[in-house]
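Report on the structure
Single-letter residue listing:
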Amino acid sequence: MEDYFVQAFQISTTEWSGLRGTAKSVGLGNYGKLLHSDEFWNALKHNVVMLVLVPIATLALGLFFAFMLNVGGRSRRGAVITGVRGATFYKFVYFFPQVISITIISVIWFNIYNPDPHDGMLNSLLGVLGLDSLQSAWLGEGSLALACIMLVMVWANVGFYVVLFSAAMASIPRDIYEAALLDGAGRSQTFFRITLPLLWDTVQTGWVYMGIIAMDAFALVQIMSVNMGGPDGATDVVPLRLYLTAFRDSQFGYAAAMGVAMLVVTLLFAVLTMRFARRERIEY
């Protein structure tokens, strides 16, 4: 794996079409072009927005749903701690997007966001509900397009964390929850003072993993966005910019420099997350 990273850096120091001829060494010239490229910085800005918002939304929803499915139900059959009714069915529903190809997910949501008031599922639903004023072009609106794609990213990944966090919660002794409830703790206090601290290592790992997913987003943006990254660059991301630079513009050296920059940002995110989210391990 390290050989590929070294090779990518080596290519990033060249001017090469990727098809024929020898690669001309340009040193760090490609990185200089990146620093002065408005397109690159625009794409990186969108990746950073995703890097911040998508993990927060995905993990928060995953924790909430997992908590409700495992310990959020009313007491019944003599059990003080129990999940909501139909928890197994809900887990299946939440996890279902995980078994669907990201390409299929992109196509499905592309049609949901279709701006046509008759063919577009979302606009059609709003029309049926008498909310015509809320109908929009969605992916065609520069102010909404990126948010629409991030919503799909959250929907596609939250089920995985519901199952992951549910498995982690199942390993927490029920006696701890029962003692807290008998002492008068509410559901929110139980979550923030027991569940979250005991699941922190799992949350931390999930945060890094979601950050990697948010830093990619290539397939969703390529398929769902208007003219790949539009409208007017509103949904452009670094992986898509890399792809276009390499395979459309035949600038493989410059594209490799983007890949190296993407690797640095991802590693920096992972290191900062592991550093600032570190806390003393709680044993039980």
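Residues numbered from 1 in each chain as written. Predicted model: local features only at pLDDT ≥ 70, side-chain atom pairs only at ≥ 80, totals over all residues. Heavy atoms only, no water.

Let us look at the overall build of the protein chain. Scanning the protein chain for helices and strands turns up 13 helices and two strands. For the protein chain, the spread of C-alpha atoms along the principal axes amounts to about 75 × 50 × 30 Å. Scored against the burial criterion, the 284 residues of the protein chain give a buried share of 40%. Of the roughly 15800 Å² that the protein chain leaves accessible, carbon and sulfur atoms contribute 64%. Put simply, the protein chain has 18 plus and 19 minus side-chain charges, and the middle of one group is 9 Å from the middle of the other. (Helix = DSSP H or I, 4+ residues; strand = E, 2+ residues; numbered from the N terminus. Buried < 20%, exposed > 50% of the residue type's maximum accessible area, 1.4 Å probe, protein only. Areas by Shrake-Rupley, 256 points an atom, 1.4 Å probe, with all protein chains shown as cover. Lys, Arg positive; Asp, Glu negative; His and termini not counted. Charge placed at Lys NZ, Arg CZ, Asp CG, Glu CD.)

Below, the discussion takes up the nonpolar core. Ranked by size, the top nonpolar core spans 60 residues in total, and within it M50, F165 and L199 carry the most contacts. When residues in this core are grouped by element, the largest group, 12 residues, is from helix α7 (residues 145-170). Contacts of F165, omitting those with residues within four sequence positions, involve L59, G62, L63, A66, L199, T202 and V203. (Core = buried A, V, L, I, M, F, W, Y, C linked by side-chain atoms within 4.5 Å. Contact = heavy atoms within 4.5 Å.)

Below, the discussion takes up helix α12 (residues 238-248). Those residues of α12 that sit buried are V238, P239, L240, R241, L244, T245 and A246. Of the surrounding secondary structure, the elements contacted by the buried residues of α12 are α3 (38-71), α10 (200-216), α11 (218-224) and α13 (252-276).

It is worth spelling out the environment of L240 at this point. Within the secondary structure layout, L240 lies in helix α12. Along the chain, L240 and P173 lie 67 residues apart, while their C-alpha atoms are 46 Å from each other.

Let's shift gears to the side chain of D236. With respect to the element layout, D236 can be found in the loop between α11 and α12. What makes D236 buried here is its relative accessible area of 3%. Residues in contact with D236, not counting those within four places in the same chain, are E39, N42, A43, H46, G229 and R241.

Okay, the layout of surface pockets next. Of the voids in this model, the largest pocket is the one considered here, and its volume is about 390 Å³. Lining the largest pocket are 15 residues, and of these A8, L242, A256, G259 and V260 lie nearest its centre. Sort the elements by how many residues they give to the lining of the largest pocket and α13 lands first, with eight residues. (1 Å grid on protein atoms, 1.4 Å probe; cavity = no way out; pocket = protein on both sides within 12 Å on 5 of 7 lines; lining within 4 Å. Points joined across faces, edges and corners; volume = space filled by probe spheres on them.)

Time to look at the packing of helix α4 (residues 87-95) against α7. Where α4 contacts α7, the two axes come as close as 7 Å, and the packing angle between them is 140°. When the axes of α4 and α7 are compared, the pair comes out oblique. For the crossing formed where α4 meets α7, the hand is left-handed. Contacts between α4 and α7 pair K91, Y94 and F95 from the former with G159, F160, V162, V163 and S166 from the latter. Among the residues making up the contact of α4 with α7, the classes are represented as five nonpolar, two polar and one charged. (Axes fitted to C-alpha atoms, helices over the stretch in contact; angles between N-to-C directions. Parallel < 35°, antiparallel > 145°, perpendicular 65-115°, else oblique. Left-handed = near helix turned anticlockwise from the far one by under 90°. Nonpolar A, V, L, I, M, F, W, Y, C, P; charged D, E, K, R; others polar.)

For the rest of this paragraph, the subject is the pattern of salt bridges. For the structure on display, the rule yields three salt bridges. Two residues, E39 and R241, come together in a salt bridge whose shortest N-O distance is 3.4 Å. With E39 in helix α3 and R241 in helix α12, this residue pair connects regions lying 202 residues apart in the sequence. By relative accessible area, which is 10% here, R241 ends up buried. Across the salt bridge formed by D236 and R241, the nearest N and O atoms sit 2.8 Å from each other. Neither residue differs from the other here; D236 and R241 are each classed as buried. (Salt bridge = Lys/Arg side-chain N within 4 Å of Asp/Glu carboxyl O.)

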